[in-house]
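Structure assessment
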Amino acid sequence: MNLLISISRLLSFKWQLQRVNFLRKGKDMRKCEIQKKKTIFSKLAATAGALALFAGSAHAQANNFTDAGTNVENTFTLDYEVAGTEQPTITNDTDTTIPGAIVQGSETEFTVDRLIDLVVTQQNSPLTVAPAAQDAALDFLVTNEGNDNQSYSFSIEDVAGDDFDAATYTIEYFVDVDGNGDPFNDPAIAIVETATGVGSTTNVTSDIAPDQTIGVRVTADISGSAEDTHVDDLVLVAQTRDPEDWAQEGASGSQGDITEEDDGTNTDTGIAENVFADGDGAGAEGDTDGLHSDQAQYLVASPDLSASKTVDIVATEPVNCATDAIGGTDQYSVPGACVEYVISVENTGATATAEAIDITDVLPAEVTFVAASINGWEAAPAPTFTQPAASTDCGAATCTVSLSGASLVAGGTGTITIRALVN
Amino acid sequence: MFALGALLSLAPSAAADGLVATQSVERVIVETAEDGTETVRFGPADTVAPGDEVFYNLDFSNQSDEAAANVQLVMPVPSAVAYIENSATGDGSEIAFSADGGKTFSQRGQLKVSIDGEERLAKASQITHIRWSFSDDIAPGASGDVGYLAVLK
């Protein structure tokens, strides 16, 4: 007698069970071999949801910093008397004429320099993915925390010790054009990954203003052979680049070049000089180097089904095959004996619920169907269970017991129990 | 207005060589040693970025042979910086503050601003001018200095 169990998934993934041999006597808990074609995946609550735009960032408030290149001037006035007579005011203000004043020197001034600061924060890590998932997207926010326009380039750093690395990663960035606070609902702009420290005028973002936050998305395809609980860790690194135009000083003249720190020894006034103020991110970069980064993870979750089928002799001479308890060991499979088949499916995955499980069992021609029941499956969504009419002779007609659309949580076991009489 | 000023400017008298004042600005540099102790010093304001502190200093000296009386020095607080509370210094002077562009001055504790018709104590960031008043005469040859700290916004 041969048994074929097929478990199929709504969206075309299939499990195939090899044929199971079973004994007529006693219990044989031989597990079936399962040929995994693809896996069944349950969507876990992946909340993109309403982005809390600055969640997790150390610099949560808009900074309203003074623009780089601003010239800050100051003056003074000095009034006094000699022998009761008011003297001319002394001032260093050369711009505004104070009547009768004596001008000594000129305004005190300094130029506001360019603070280079940026923060990268992951938004949706760990991202749960199924094996063979396509375009799995890890999202990051990158904020210009300085006081002048900047461009950015991006690179992806591998994290050693994880279970797998996707074959390729694609990067895109998003500018919040519609101003709703969520860059990711705006059009994606493709950008090519540029290794840290490599000069490039082409693989950089457009000019990003002070306080502006852009979205950066890393997408990858997950291998079909990725295993349940395996992770791919990666770090997204952002490097500061000269923009096309400074806010106050016109064209930067070196758009796309790696922004470098100036040594500040030359001028008090004049053009703004670059000062690094960034912190140390999750990756290899450090603080005050124009780079920042954060780490994110793809987490594979797949259910793992194993199925088995057992047969027991309930009674050589049953009273009521549908309800009799299974008898002792000296029961024989002879015409008229009552037998019980139990198909048992266990989800041995760590977290993922298996969905859309279909099981079809065709009883051998040598029995007459008595009754069948199911147990252990998730109540919702409710599966469909069909069975032949009671007392159907499986030699005369095909006896098919089938369960479809069933779900099984991680660690759960579902069963189909079938009673039949040997013809 | 400016033309009127030109008409009124007189030939400098002897007292015009009297007081001489020089203003300067320096950047506050804080160095943290290995053991965490911080050393504060002043350096040139050549690299000043938002968040840095600057010190405005005004040196004055009496280079005439007559005493200067009722000396009053006024320094604005530029709009790009914010006054740092309790940092105004000037030995021998009374210090007063203005939040209305230099029209009126008060003691720090009495400096008020009007918001929506309500009078409130002015915040440090609302101070627009600082005035140092010397009640004692500045003798011939004597000198002094005043100053204050501000943070670049």
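Residues numbered from 1 in each chain as written. Chains lettered and ligands numbered in written order. Predicted model: local features only at pLDDT ≥ 70, side-chain atom pairs only at ≥ 80, totals over all residues. Heavy atoms only, no water.

Observations regarding the overall build of chain B
Here is the rule we go by: Where helices and strands are cited, they refer to DSSP runs of H or I of at least four residues and of E of at least two residues respectively, numbered from the N terminus. Residue burial is assigned from relative accessible area. The probe radius is 1.4 Å, only protein chains are included, and a residue is buried under 20% of its type maximum, exposed over 50%, and partly exposed in between. What makes two residues a contact is simply this: any of their non-hydrogen atoms within 4.5 Å. With residues, only the protein chains shown are counted as cover, and all accessible areas are computed by Shrake-Rupley using a 1.4 Å probe.
Helix and strand content of chain B: one helix and ten strands. For chain B, the succession of helices and strands along the chain, N to C, is α-β-β-β-β-β-β-β-β-β-β. Considering chain B as a whole, with its 153 residues, one finds that 44% of them fall into the buried category. Counting only contacts in chain B whose residues sit at least 6 apart along the sequence, the fraction spanning at least 24 positions is 70%. Summed over all atoms, the accessible surface of chain B reaches about 8,200 Å², with 50% contributed by carbon and sulfur.

Observations concerning the interface of chain B and chain A
Defined as follows: Here's the idea: put two parts together, see how much 1.4 Å probe accessible area each one loses, and the total over both is what we call buried area. Think of a salt bridge as a Lys or Arg side-chain nitrogen and an Asp or Glu carboxyl oxygen that are within 4 Å of each other. Between N or O atoms, a polar contact is any pair within 3.5 Å; within protein, one atom must be a potential hydrogen donor and the other a potential acceptor, and residues adjacent in sequence are included only when both atoms are from side chains.
Taken residue by residue, the interface counts 38 residues in chain B and 34 residues in chain A. Together chain B and chain A conceal approximately 3,000 Å² of surface at their shared face, both sides included; 59% is due to carbon and sulfur atoms. Summed over the three residues of chain B that lose the most area to chain A, namely Gln23, Asp46 and Pro50 of chain B, the buried surface amounts to 18% of that side. At the boundary of chain B with chain A, the tally comes to zero salt bridges. At the junction of chain B and chain A, the tally comes to 13 residue pairs in polar contact (both at pLDDT 80 or more). Breaking the side of chain B that touches chain A down by element, the ones donating at least two residues are α1 (2-8), β1 (19-32), β3 (53-62), β4 (69-76) and β10 (143-152) of chain B. With eight residues, β4 of chain B is the largest single contributor of residues to the side of chain B that touches chain A.

Re unusual backbone geometry
With omega at -5 degrees, the peptide bond leading from serine 125 of chain A into proline 126 of chain A counts as cis. Mapped onto the secondary structure, proline 126 of chain A falls in the loop between β11 (118-122) and β12 (127-129). The backbone of asparagine 86 of chain B sits at a positive phi, close to 65 degrees, despite the residue not being glycine. Turning to its location among the elements, asparagine 86 of chain B is positioned in the loop between β5 (81-83) and β6 (93-98).

Some details on the sheet that holds strand β18 (residues 231-241) of chain A
All names here are of chain A. Counted only if it meets this: In this description, strands pair whenever DSSP reports at least two bridges between them. Orientation is described by lines fitted to C-alpha atoms, with helices fitted over the stretch in contact, and by angles between N-to-C directions that extend from 0 to 180 degrees.
One open sheet accounts for four strands, arranged β12-β22-β18-β14; its pairing is mixed. Single-partner strands in this sheet number two, and they are β12 and β14 (151-158). The average angle at which neighbouring strand axes cross in this sheet is 30 degrees, direction not considered. One ladder, built from three bridges, connects β12 with strand β22 (residues 291-300); its direction is parallel. Bridge pairing in β22 links valine 129 to valine 300.

Quick word on the state of the cysteines
Residues and elements named next belong to chain A. Worth spelling out the cut-off: Pairs of cysteine sulfur atoms within 2.5 Å are identified as disulfides in what follows.
Using the criterion set out here, one finds two disulfides over all chains in the structure. Between the sulfur atoms of cysteine 321 and its disulfide partner cysteine 338 the distance amounts to 2.0 Å. Measuring the twist about the S-S bond at about 75 degrees, one finds the cysteine 321-cysteine 338 disulfide to be right-handed. You can see cysteine 321 sitting in the loop between β23 (305-315) and β24 (338-347) and its partner cysteine 338 sitting in strand β24, a full 17 residues away along the chain. The exposure class of cysteine 321 is buried, given its relative accessible area of 7%. Across the disulfide from cysteine 394 sits cysteine 399; the S-S distance is 2.0 Å. Across the S-S bond linking cysteine 394 and cysteine 399, the dihedral sits near -100 degrees, which makes this disulfide left-handed. The buried category is assigned to cysteine 394, whose relative accessible area is 6%. The buried category is assigned to cysteine 399, whose relative accessible area is 0%.

As for the confidence of the model for chain A
What counts, and what does not: Confidence scores per residue from the predictor, reported as pLDDT, run from 0 to 100.
Taken residue by residue, chain A gives an average pLDDT of 83. The fraction at 70 or more is 84%. Segment residues 1-61 of chain A: pLDDT under 50, and 124 contacts once partners within four positions in sequence are set aside and those in other chains are kept.

Thoughts on the pairing of β11 of chain A
All names here are of chain A. Burial within β11 is extensive, with four of its five residues counted as buried. As judged from the five bridges shared by β11 and strand β13 (residues 136-144), these two strands associate in the antiparallel manner. Across the sheet, residue threonine 121 finds its bridge partner in β13, namely leucine 141.

Some remarks on the nonpolar core
Heads up, the rule is: Side-chain atoms within 4.5 Å link the members of a nonpolar core, which is a set of buried Ala, Val, Leu, Ile, Met, Phe, Trp, Tyr and Cys residues.
The biggest cluster of nonpolar side chains holds 41 residues, and the ones touching the most others in it are Phe110 of chain A together with Tyr83, Ile130, Trp132 and Tyr148 of chain B. Among the elements of the structure, β5 (77-82) of chain A together with β1, β3, β4, β5, β6, β9 (129-134) and β10 of chain B are those that each provide at least two residues to this core.

Description of the sheet that holds strand β29 (residues 413-422) of chain A
All names here are of chain A. An order of β23-β24-β29-β26 is seen for the four strands of this open sheet, with the pairing classed as antiparallel. Looking along the sheet, the strands with just one partner apiece sit at the ends: β23 and β26 (367-375). The mean angle between the axes of side-by-side strands here comes to 15 degrees, regardless of whether they run parallel or antiparallel. Judged from the ten bridges that link them, β23 and β24 form a sheet pairing that is antiparallel. The residue of β24 that forms the bridge with alanine 315 is cysteine 338.

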